[in-house]
Structure formats: structure tokens, C-alpha cells
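Inside the fold
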Amino acid sequence: MLQEHNVVIKDPRKVDLRFASCYPNLYRSAMSSLGFHIIYDFLNSREDVYCERVVYPYFKSLESGSPLKDFDVVSFSLQYEQDYFNVLEMLRDGGIPIRKSERTSDDPLIIAGGPCASSNPAPMTDFIDIFLVGEAEVMLDQFINMYLQLEDPKKELDAFLDIKGVYVPGNPVEMVVVEDMQDAWQPIKQVVPETEDENFIPAFGRAFLLGVSRGCTRGCRFCMAGCMYRPRREAPLKDLLDLAEKCRKATHLNRVALIGAAVSDYSQIEELCMGLFERGFQIITPSLRIESVSDELLHILKDSGLKTITIAPESTWRVRQVVNKPITMDNITAIMKKAFNYNFNVKLYFMLGLPTETREDLHDLIKLIRKLEQIPDRKSALRISINPFIPKPHTPFQWEVFDFERMKKDVRFLKSELRRSKLKIGSPRMALIQYVLSMGTSKLGVYLEKSLEKKVPLREWQKLTPSWDLEDKLPWDNISVGVNREYLKNEHLKAIKGDLTPWCETFGCYQCGACDKEI
């Protein structure tokens, strides 16, 4: 049984537009997505719009039980490439023709936003009418206003091109972001689920979400979000403390999850956490950057009730230099020892198959993991995840190739060498499919549609594996995210040589193109 608090209820007959905000993944993920909360709260602040939520595997709204076909606009949040299959399933079950070419003016307008829609929407262009490239609240008002002005929006898609950030396939687009966090939409009256069913308990548990910052400029060469959402922007400390109080009053929750691409890089993170703790809040944080975790921060987080911290060493020292993450073994062990001294549990994230990685590096990785496993007194206090590296668009590694056969061998090798370790290793098969969908072209639509009827054999996905050279035209070239191609090329070449690019916020501007001023 699921009961939700703070749900918005409107009379659909008294609004000009019905908007379905769809999350093509499970409820526990949807309700832990700040972006999902933002869209719901932002659109329902308009009297002429009724935004309802639809979450996979369902195709009817949580608010009124209406199927997708009953809405004017159906919007999907594309957070993960694997969710593309769920999008098609939701459209089909919701009574909407899957292919946009088969829809009529009587069908809803289908749009999509989120990281995947902004990075490389090509694989989904057979099914989505319009993509919103960037941070939604910058363009949603203009989008809705334009929709309401048009006689037949589905036949007048070019009219939306006047809105910066709106991508109609075949046209160039420039990504938009909130330039000042004081202009960012902070949902206060967030929907709070109450249930005993684990399937409906959000990933952060009973907590409200607080957007601390957006973007990251550390320059990790594998990180798509770190390249696309530059520059880093912070919300003022006082605003965050005030917002936390308002959210507590609206949700009746004392637990706050701090959300941001690099939460521990927030310039006043200790002051923020101390301020929240003094006001009686329990604090949850996602992954912390090893470089910016202080003893004081760990002390505050422990006192506030946090039980587990997550850090990402990624690989061995040599490979960390390749990916531009120059944290040393001493940095890692120091943080882990401090964490265990405070009785934290620790999650470690590693990647397998990063550029230039050799079998010798794998041996070194095994030694590293074994050393780290010796640090805690309790074996259960340490959990380790190793995931295949997947090249992503708009990063210096967008020209790298995913070698499936080698990945399978390396996964088998790690499992045999670390069979007594408490670790989880990602699936090479799923990684291959994610790579194809992340880096592929619009030709993939056929295979996505085919997957609705039967499982596409692995050998077919292998045949679709893309490979891009430095001078190739890429499927996402008409999407400008700020960071320019020349900067990415230079970073790619530096990576192969193992050269580092120090953090621009301490060293100076590298003219990457994301902002027009030196930090």
C-alpha cells in the first residue's frame, strides 16, 4: 500500500494543458531525483497546467489514473540509456503509437529531457518529437507558452526552435543552464511517500532533497556530467538553510539529502552541514570527493546520523592520472581510516577498462583492493563496486572504443582473483548495450523497437558497436554543450600520455568554452 503526501490535485477540466511527467525507471529512483521533483513543482505552480507523474512500469498517472494517451504533452526524463526500452514500453501500454511518424494530431506531443536527451538523443529520434537540452526550468515556461499559442503543435515543431535549448532533430541547438543558483527552482512541498513496501521507498529513504550546487569542473575525463554542466554553480549558504527549514515544515521530515554533482566541493560544506546539524537535521550525502573531505566534515556527518559514505578511487595511481583524478593511495587510506574511526560504513567505486589500462594495471588494482580490505576491523563495513568503463559523448574519451571481448576476460579474471572479496562487478553485456545506445546514431531506433517484441541477441548489439576517430563527424555534433571540441581533443591526447590538467578553480582557466571568464 502506498500513501503519498503533498500530491497536487487539480481539476483537469479547468486547466489549459495536461502534462505527464514520466520517469522510465522504478519509483524508488524517480522519487530520489531532484529533477523529477523540480518539474512537478515548477509546472504545477502554473494555474493553467496540471502536471501528473507516471512511473515505470506503470502507464497511468499516480494522481488521476489517466493513461498517457489522455495527456496533451508526455515528457520523459532520460537519466540512463537502459531506460530507452522502458520509454517505448510506456508509450505502447499508454495507448500512444511508438513511432512519431505514425502519430496524428490527436496524439500527445512527446518530449524528453535529462542527461541522455542533452548528450546524444540520436538513438531516440524516431520516437521523441522534441528534446529539451539542458536544465529544464530555464525553458519550460517558454515551451508551455508556445504550445498553448499554436493551433496544432505537432505540425508546427519548427515554431519551438525560437526557444533556446529546444532541439528538434536535424537542427543545431545550444544547451541552457541556470546561470545563478538563486534563480534555480527549489521544490519545497516535495511529494513524500509513506509505505512499508521496499519497492516504493526512495533510494535516500524518508528524506527531502536539497539542491546545493550544479555542475563540476574537476575535469575527470570520463565524466559526461562534469563536461556538460559547467561551470559549477553554488546556492548561497543562507538560502540553503532557509530552504531546509521550509522543506521540513512542508514535508514534516528532519532528514535532508544534499544533491549536487560534487557536494563536498561546496565552498562552505562544513558550515552548511554544521548549520543543518544545529537545526536538528539528519544529513545524507551522495558520493564525496576524496580531495574535499575534511575530518571536520566527517565529524559533523557522523553526529548528524549518517551511517555510510561513498568515495570513488576509480583505479590505480597510474590510471588515475590518465583520467585526471590525481588522488594518491595516502589520500584514499587516510579518508578510509578516518571514516572507520567514526564507525562509518564505506562504499568504494572502481572502473574497469579505462583507456590505456593493461593486465599489469589489473594486477595492481587487485593488490590495491586487497590493501584497502585490510583497513576496516569489520568486514561488513566495506563494500566495493567495480563497473565497466563506458565512453560517453562530450568527454575527452568519446573517441575511445568499448572492447566487449576483453571486458569479459577482465571481469572473469577479477572475479577469480577476488572471489573472497565482498564486491559487486557490473555486467559486460549490459555495459555493451549502454555503450551502443550512448554513442550510437538514429539507426538504433529499429533495434529499440525490435526489443519490445523479443530480446535482441548479443551478437547484434556487438555488430552495432560504434567507433569514432578524432576527425569524424559525431552524432551529437549539432548539440553545443559549451565545452568545445578542441579542448576535448587536447584532453584526450594528454590522457594517452598520462598528463594531468589541474583543477581550473585553483589553477586558472583552460578556455574550455563553458564560460567566458576566468575563475
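Everything below is about the structure shown above.
Reference entry: report on the structure contained in this document.

Here is what the cut-offs are and how they apply
Residues numbered from 1 in each chain as written. Predicted model: local features only at pLDDT ≥ 70, side-chain atom pairs only at ≥ 80, totals over all residues. Heavy atoms only, no water. Buried < 20%, exposed > 50% of the residue type's maximum accessible area, 1.4 Å probe, protein only. Helix = DSSP H or I, 4+ residues; strand = E, 2+ residues; numbered from the N terminus. Pairing = 2+ DSSP bridges. 1 Å grid on protein atoms, 1.4 Å probe; cavity = no way out; pocket = protein on both sides within 12 Å on 5 of 7 lines; lining within 4 Å. Points joined across faces, edges and corners; volume = space filled by probe spheres on them. Nonpolar A, V, L, I, M, F, W, Y, C, P; charged D, E, K, R; others polar. Axes fitted to C-alpha atoms, helices over the stretch in contact; angles between N-to-C directions. Contact = heavy atoms within 4.5 Å. Left-handed = near helix turned anticlockwise from the far one by under 90°.

With seven of its seven residues buried, strand β2 (residues 17-23) lies for the most part within the structure. Of the two faces of β2, the one carrying Leu 17, Phe 19, Ser 21 and Tyr 23 and the one carrying Arg 18, Ala 20 and Cys 22 are both buried. For β2 and strand β3 (residues 49-55), the ladder comprises seven bridges, and the chain directions are parallel. Its bridge partner being in β3, Ser 21 is matched across the sheet by Arg 53. The sheet contact formed by β2 and strand β4 (residues 73-77) spans four bridges and is parallel.

Moving on to empty space enclosed by the protein. Under the counting rule described, the total for this entry stands at two cavities of 30 Å³ or more. Looking at the largest cavity, its volume works out to about 140 Å³. Considered class by class, the residues forming the lining of the largest cavity number eleven nonpolar, four polar and two charged. As a volume, the second largest cavity reaches approximately 90 Å³.

The sheet built from four strands is open, its strands ordered β15-β16-β17-β18 with parallel pairing. What marks the edges here is a single partner per strand, and that holds for β15 (308-314) and β18 (423-425). Mean inter-strand twist for the sheet, computed between neighbouring axes without regard to direction, equals 20 degrees. Pairing analysis gives three bridges linking strand β17 (residues 382-388) to β18, with the strands arranged parallel. Bridged to Ile 386 within β18 is Ile 425.

What follows deals with the sheet that holds strand β10 (residues 208-211). Sheet architecture is open: three strands sit in the order β10-β13-β14, paired in parallel fashion. One side of each edge strand has no neighbouring strand; the edge strands of this open sheet are β10 and β14 (282-284). Averaged over neighbouring strand pairs, the angle between their axes works out to 35 degrees when direction is ignored. As paired strands, strand β13 (residues 255-259) and β14 are joined by three bridges and run parallel to one another. For Arg 255, the partnering residue across the bridge sits in β14 and is Gln 282. Along the sheet, helix α8 (residues 269-278) contacts β13 and β14; its crossing angle with β13, the most-contacted strand, is approximately 165 degrees.

Moving on, we come to the packing of helix α3 (residues 84-93) against helix α15 (residues 445-453). Viewed as axis vectors pointing N to C, α3 and α15 meet at an angle of 65 degrees, and their least axial separation amounts to 10 Å. For the pair α3 and α15, the crossing hand works out as right-handed. Along the contact surface, α3 presents Tyr 84, Phe 85, Leu 88, Glu 89 and Arg 92, while α15 presents Leu 448, Glu 449, Ser 451 and Leu 452. Residues of the contact of α3 with α15, tallied by class, amount to five nonpolar, one polar and three charged.

So far we have only geometry, and geometry alone does not tell us how the molecule works.
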